[in-house]
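# Tertiary structure, described
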Amino acid sequence: MGIDVHALREKKRNPEVQYWVQLLRQRYAGMKLIVGRDKLDEIQGVRHKIEAFEHFLKANPEFQGKVVLIQVALQTTESNELAGGVSDVVARINSAFSTLTYQPVVFLHVQEVTFSQYLALLTVADAFMVTSLREGMALRTHEYVECQEERKRALILSEFTGTYSYSGFRSCFAVNPYDTRGTAKAIYQALTMSDEEAASRWQDLHNHVVTQTAQAFVTSFLTRCLRAHTEHASLSIDPSLVPPLDLPRLIPKYRHSTTRLVFVDFEGCLWVRDMSKSAMIEMMRTGKGPMVEPPEATMQVLEKLADDPKNEIWVLSGLPVKGALERLAQRVPSVGIVAENGCFVKTRETGKKSNGQANGARWINMVANLDFAWKGPCIEILNYFTERTPGSFVEERATSIVWRFWTGPPDSTVSIDDDPTITTPTTTTNDTSPTTATVTSSQSHYSDRSWARRQAAEAQNHIFDSLGERYGLRIVPGQNSFLVLPNNISRSTAVGTILHPGGPACSPLGGGAGVGDADYDGYWSSVTIGGGAGRTSSSTGGRVSSAVDSTLVLAIGGDEKLLRRLNELDDAETVSTSRRGTDAKWKLDPREVLGVLEALAQVR
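Model, not experiment: these values are computed from the prediction.

### Things to note about the overall build of the chain
Broken down by element type, the chain carries 20 helices and 18 strands. The proportion of buried residues among the 604 residues of the chain is 48%. Nonlocal contacts in the chain, meaning residues at least 24 apart in sequence, comprise 66% of its contacts between residues at least 6 apart.

### Notes on the sheet that holds strand β17 (residues 572–576)
Taken in spatial order, the eight strands make up an open sheet running β11-β10-β9-β8-β7-β16-β17-β18, and their pairing is mixed. For this open sheet the edge positions go to β11 (363–365) and β18 (586–587), each flanked by a neighbour on one side alone. Sheet strands touched by helix α17 (residues 491–499): β7 (259–265), β8 (311–316), β9 (336–339) and β10 (344–346). Its angle to β7, the strand with the most contacts, is close to 160°.

### Re the sheet that holds strand β12 (residues 393–396)
Spatially, four strands are ordered β12-β13-β15-β14 in an open sheet, and the strand pairing comes out antiparallel. If you trace the sheet from one side to the other, it starts and ends with β12 and β14 (473–477), each paired once. Each strand axis lies, on average, 20° off the axis of its neighbour in the sheet, ignoring direction. Pairing geometry for β12 and strand β13 (residues 401–404), over four bridges, is antiparallel. Looking across to β13, one finds that E395 is bridged to V402. Against the sheet, helix α15 (residues 375–386) engages β12, β13 and β15 (481–486), with an angle of about 5° to β13.

### Quick notes on the environment of T211
For T211, the location among the structural elements is in helix α9 (residues 195–211). Looking at T211, its side chain comes within polar contact range of the main-chain oxygen of H208, at 3.3 Å.

### Considerations on the nonpolar core
Within the largest apolar cluster, 66 residues are counted, with the highest numbers of intra-cluster contacts made by F263, F266, L328, L566 and L597. Discounting chain neighbours no more than four positions away, the residues touching L328 are F266, M299, L302, V315 and I337. Ranked by size, the runner-up nonpolar core spans 65 residues in total, among them L33, F63, V67 and A125.

### A short note on the pattern of salt bridges
Tallied over the full model, the rule gives 28 salt bridges. Between D88 and R47 there is a salt bridge, with its nearest N and O atoms 3.2 Å apart. In this pair, D88 sits in helix α5 (residues 87–97) while R47 sits in helix α3 (residues 46–59), placing the two residues 41 residues apart along the sequence. Notably, a salt bridge pairs E395 with R397, separated by 3.2 Å at the nearest N-O pair. What makes E395 buried here is its relative accessible area of 14%. Exposure remark for R397: the relative accessible area of 8% places this residue in the buried category. Through salt bridges that share partners, R9, K12, E146 and E149 make up one connected network.

### Describing the packing of aromatic side chains
Within this structure, the stated rule accounts for 13 aromatic pairs. Plain terms: the ring middles of F56 and F63 are 5.3 Å apart, the flat faces sit at 40° to each other, and that makes the pair tilted. These aromatic residues form a ring-pair network of at least three members: Y384, F385, W403, F405 and F482. The ring of Y254 is capped by R260, whose NZ or CZ atom sits 3.9 Å from the centre of that ring.

### Quick word on the pairing of β9
Residue alternation in β9 divides its side chains into two sets, G336 and V338 and I337 and A339, and both sets are buried. As judged from the three bridges shared by β8 and β9, these two strands associate in the parallel manner. Among the inter-strand pairings, L316 is bridged to a residue of β9, identified as V338. Following the chain from β8 across helix α14 (residues 321–331) to the adjacent parallel β9, one finds a crossover that is right-handed.

### Some details on the confidence of the model for the chain
Mean pLDDT for the chain: 80, with 77% of residues reaching 70 or above. Low pLDDT (under 50) marks residues 353–358, which in the prediction has four contacts with non-local residues, meaning those over four places away or in another chain. Contacts of residues 410–441 to residues separated by more than four positions or lying in other chains number 31 contacts, the stretch itself having pLDDT below 50.

### Quick notes on the side chain of E54
Turning to its location among the elements, E54 is positioned in helix α3. When neighbours within four sequence positions are excluded, E54 is seen to be in contact with R92, I93 and F97.

### So, unusual backbone geometry
With phi around 60°, K152 is a residue other than glycine that occupies positive phi space. For K152, the location among the structural elements is in the loop between α7 (140–147) and β5 (154–158). Take K152: its relative accessible area is 24%, and that puts it in the partly exposed class.

### Remarks on a nonpolar patch on the surface
Judged by side-chain polarity, F217, V218, F221 and L222 come together as a nonpolar surface patch covering roughly 360 Å² of accessible area. Take L222: it is sitting in helix α10 (residues 214–235).

### Digging into α7
Helical geometry note: an α-helix holds 3.6 residues per turn, so side chains three or four residues apart project in the same direction. α7 sits mainly inside the fold: eight of its eight residues count as buried. Within α7, burial applies to R140, T141, H142, E143, Y144, V145, E146 and C147. Considering only its buried residues, α7 is in contact with α1 (5–12), β1 (32–39), α6 (115–124), β4 (127–130), β5 and α9.

### Things to note about the packing of α6 against α7
At their nearest, the axes of α6 and α7 sit 8 Å apart, and the two run at 65° to each other. For the crossing formed where α6 meets α7, the hand is right-handed. Touching Y118, L119, L122 and T123 of α6 are R140, E143, Y144 and C147, all from α7. Tallied by class, residues from the contact of α6 with α7 come to five nonpolar, one polar and two charged.

### A word on the environment of V476
Within the secondary structure, V476 sits in strand β14. With relative accessibility at 34%, the residue V476 sits in the partly exposed group. Sequence-wise, V476 and Q460 are 16 residues apart; in three dimensions their C-alpha atoms are separated by 9.5 Å. Contacts of V476, omitting those with residues within four sequence positions, involve S481, F482, L483 and L485.

### Regarding the packing of helix α13 (residues 296–307) against α14
For the pair α13 and α14, the least separation of the axes is 11 Å and the interaxial angle reads 40°. Classed by the angle they form, the pair α13 and α14 counts as oblique. The hand of the α13/α14 crossing is right-handed. Contact residues: E296, M299, Q300, L302 and E303 in α13; R327, L328 and R331 in α14. Classifying every residue of the contact of α13 with α14 gives three nonpolar, one polar and four charged.

About the criteria used
- Residue numbers restart at each chain and count upward from 1, following the sequence in its written direction.
- Where totals are concerned, whole chains, interfaces and linings use all residues; where local detail is concerned, this predicted model gives features only for residues with pLDDT of at least 70, and gives and counts side-chain atom pairs only at 80 or more.
- Note: side-chain values were computed over all heavy atoms of the structure, leaving out hydrogens and water.
- Helix numbering and strand numbering both begin at the N terminus, where a helix is a DSSP run of H or I of at least 4 residues and a strand a DSSP run of E of at least 2.
- A 1.4 Å probe rolled over the protein chains alone gives each residue an accessible area, and that area as a share of the maximum for its type sets the label: buried under 20%, exposed over 50%, partly exposed in between.
- In what follows, residue pairs with any heavy atoms lying within 4.5 Å of each other are defined as contacts.
- By the convention used here, strands pair only if DSSP detects at least 2 bridges between them.
- For helices, the fitted axis covers only the stretch in contact; all axes are lines through C-alpha atoms, and the angles between them, taken along N-to-C directions, range from 0 to 180 degrees.
- The definition of a polar contact used here is a pair of N or O atoms within 3.5 Å, where within protein one atom must be able to donate a hydrogen and the other to accept one, and adjacent residues in sequence count solely through side-chain atom pairs.
- Grouping buried Ala, Val, Leu, Ile, Met, Phe, Trp, Tyr and Cys residues that are joined through side-chain atoms within 4.5 Å yields what is termed a nonpolar core.
- Within this document, salt bridges are pairs made up of a side-chain nitrogen of Lys or Arg and a carboxyl oxygen of Asp or Glu, the two lying within 4 Å of each other.
- Between 30 and 60 degrees the pair is tilted, below 30 it is stacked and above 60 it is edge-to-face, where a pair is any two Phe, Tyr or Trp rings, Trp via its six-membered ring, whose centres lie within 6.5 Å.
- A ring has a charge above it when a Lys NZ or an Arg CZ is no more than 6 Å from the ring centre and no more than 35 degrees off the ring normal.
- A clockwise path from the first strand over the helix to the second, with the strands pointing away from the viewer, defines a right-handed crossover.
- As a per-residue measure, pLDDT tells how confident the predictor is, with possible values from 0 to 100.
- Think of a patch as exposed residues, more than 30% relative accessible area, with no salt bridge, where like charges cluster within 9 Å and nonpolar side chains (Val, Leu, Ile, Met, Phe, Trp, Tyr) cluster within 5 Å.
- Here the open area of atoms and residues is found with the Shrake-Rupley method and a 1.4 Å probe, where only the protein chains shown may cover a residue.
- Rotating anticlockwise by less than a right angle from the far helix to the near helix defines a left-handed crossing, while the corresponding clockwise rotation defines a right-handed one.
- Note that Gly is not counted as nonpolar here; it falls among the polar residues with everything else outside the nonpolar set of Ala, Val, Leu, Ile, Met, Phe, Trp, Tyr, Cys and Pro and the charged set of Asp, Glu, Lys and Arg.
- Put simply, angles under 35 degrees are roughly parallel, angles over 145 are roughly antiparallel, angles from 65 to 115 are roughly perpendicular, and the rest are oblique.

Here it is in structure tokens:
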């Protein structure tokens, strides 16, 4: 949520505002102004603010007589004002530091300040200060940032406000109101920083204010509602209505196809990765282990399939290029690879040049033209949650970021640090059950997992609200982790590049292009022209054309969007391994995928 930036800009142009701006600049010429606007109850932290200002004046005597705090107090009850305990602190500071021409704290009630005067204060301020002990969206900070379009000065903000949780506002000077000395130091830094630093910080704040408006909130909220409804509708399909893969029925079609284009998911289908804590530690320490070394059985099946000249095999993965996919590319170079959910595509090796170099086998960056400035603030947000979520860690990839918030099994409440198959009896003076300690431990692990999942949900909200709309990001949630990546790239888009006449699969030496160079996703809207891909004329250069020869497209995986799109092709066989509602023609247990591919590899 935010403010109406356009309406505020109109009010700033009011001649009365400009009049008060000039008057305030004359009245406080040569002085630094710190402005605040709060209620006088205990929650708003006004007393903490003024005490920090007092400490600042004592610690920096050179600023005495040169800095003024103008505090605007909003209407509240008399009891709250007394509880706030502000008046005595104001009196103490003014009596200690006032001179004939200088008063350090100017305390004004809202009845004494018009909105035009308030906007003038925000315009001439050298710093705006919010020290709430607990507060939601402090939208007055947004007003201050917009009013500082000319001067670009600092914002001092309590880390206990909802506004601070947005990454766009992390460029403020964050303070803990209970830390008087730290808040006083923040005041000093805000007043003494260079103009270049001030402009840089303000630009980050302003970018958030102008993008995260009330209208943007409504639009994104409705968009997410529609997306959730669509996903729910697709999941409402009874999985029992989708028939299991009939291999005897598929094999004849596979055998008699002139060419075959096979897309198969790597993780969860060809390879069930060991996601245990020990495997993760081994990977991070040595770069080896079960997390980065695909099983030999998987490699052998892919080699057999790729040896068939009729086959064109593509492995779809969310993993980074370095590691397991690099090993796969070296072992089976004739297999095409989609990495990081479509961000990178490795073309297939189709032969050998005279000098022995591979023909067409190279990695293509599909997102070279995209802006990845979002990764820095995204990692900052995730580091914040990592510090508060035991066992979690951030995995930065070339074009995406993964946050693993839980290292236990997806559907288990037992921590990975404990072996669920081992029960350690507890010796006690009475004859109690040896499983008592195990039950207690399980309850503790369940609580830890619940906390991790709540943290993950909150982290996703923060990332989407502060970065998602601005940079065009999407978040893919999982059981124990979630992935953040560009919105306009996916496995479905990558397959579009492969099916496209000018895509890397059709012309390995042609080079392919980035997302900004060609709309490969538009292939999906063109394949059905004239009644489906199977009837695409040869003049169009269609990637899949059964008018001339018989091309079988076989897709096995859990990406429902991709399976739905491939269903548009006439000679496509789609197999879902997601174990939920699907539009695929068949369903298959992920544990049976290798067996099915092994059977197809024997067909000649």
